[in-house]
Amino acid sequence: QVQLVESGGGLVQAGGSLRLSCAASGRTFSTYAMGWFRQAPGKEREFVAAIAWSDSRTYYGDSIKGRFTMSRDVAKNTVYLQMNSLKPDDTAVYYCAVGRDYCSYSWCYSMRETYDYWGQGTQVTVSS
């Protein structure tokens, strides 16, 4: 099985920055994708970003508009989400996920069904 541990969440003022980390341990798939989702109170879980491990291509949700950047550290089996120009609407619990990469199209990475394992989430609160 795979264990995912998110960290780096916290309280930040609007316009500020925050970097989230997600460390994966245990057995992973030979070909897989890792993603970030978020869920705000009263809203459905929303796709934020994803990375295909095989070629390091990244994919982003429409609401991000260039403010967030996803990256990876292969040796540490860890992904990061650098969040800049944060807005109060970014307030949510952020979840890391991993799944076998069967995707041939970019929209596939935004689907919750793509992912098999999820972390516990880390709270991000943006104050105004």
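Cut-offs used in this document
- Residues numbered from 1 in each chain as written.
- Predicted model: local features only at pLDDT ≥ 70, side-chain atom pairs only at ≥ 80, totals over all residues.
- Heavy atoms only, no water.
- Helix = DSSP H or I, 4+ residues; strand = E, 2+ residues; numbered from the N terminus.
- Buried < 20%, exposed > 50% of the residue type's maximum accessible area, 1.4 Å probe, protein only.
- Contact = heavy atoms within 4.5 Å.
- Salt bridge = Lys/Arg side-chain N within 4 Å of Asp/Glu carboxyl O.

### Re the environment of Val 5
Moving on, step 1. Looking at the element boundaries, Val 5 is found in strand 1 (residues 2–7).
Moving on, step 2. Val 5 gets classed as partly exposed once you look at its relative accessible area, which sits at 48%.
Moving on, step 3. For the pair formed by Val 5 and Arg 72, sequence separation is 67 residues and the distance between their alpha carbons is 14 Å.
Moving on, step 4. Ignoring sequence-local partners within four residues, the contact set of Val 5 consists of Ser 21, Cys 22, Ala 23 and Gln 120.

### Here's the deal with the pattern of salt bridges
Moving on, step 1. By the definition in use, this model includes four salt bridges.
Moving on, step 2. For Arg 57, the salt bridge goes to Asp 55, with nearest N and O atoms at 3.5 Å.
Moving on, step 3. A relative accessible area of 40% places Asp 55 in the partly exposed class.
Moving on, step 4. The partner of Asp 90 in a salt bridge is Arg 67, with the nearest N and O atoms 2.7 Å apart. With Asp 90 in the loop between strand 8 (78–83) and strand 9 (92–100) and Arg 67 in the loop between strand 6 (58–60) and strand 7 (68–73), this pair connects stretches of sequence that are 23 residues apart. Taken as a pair, Asp 90 and Arg 67 share a single burial class, namely buried.
Moving on, step 5. Overlapping salt bridges, with partners in common, bring together Arg 38, Glu 46, Arg 67 and Asp 90 in one network.

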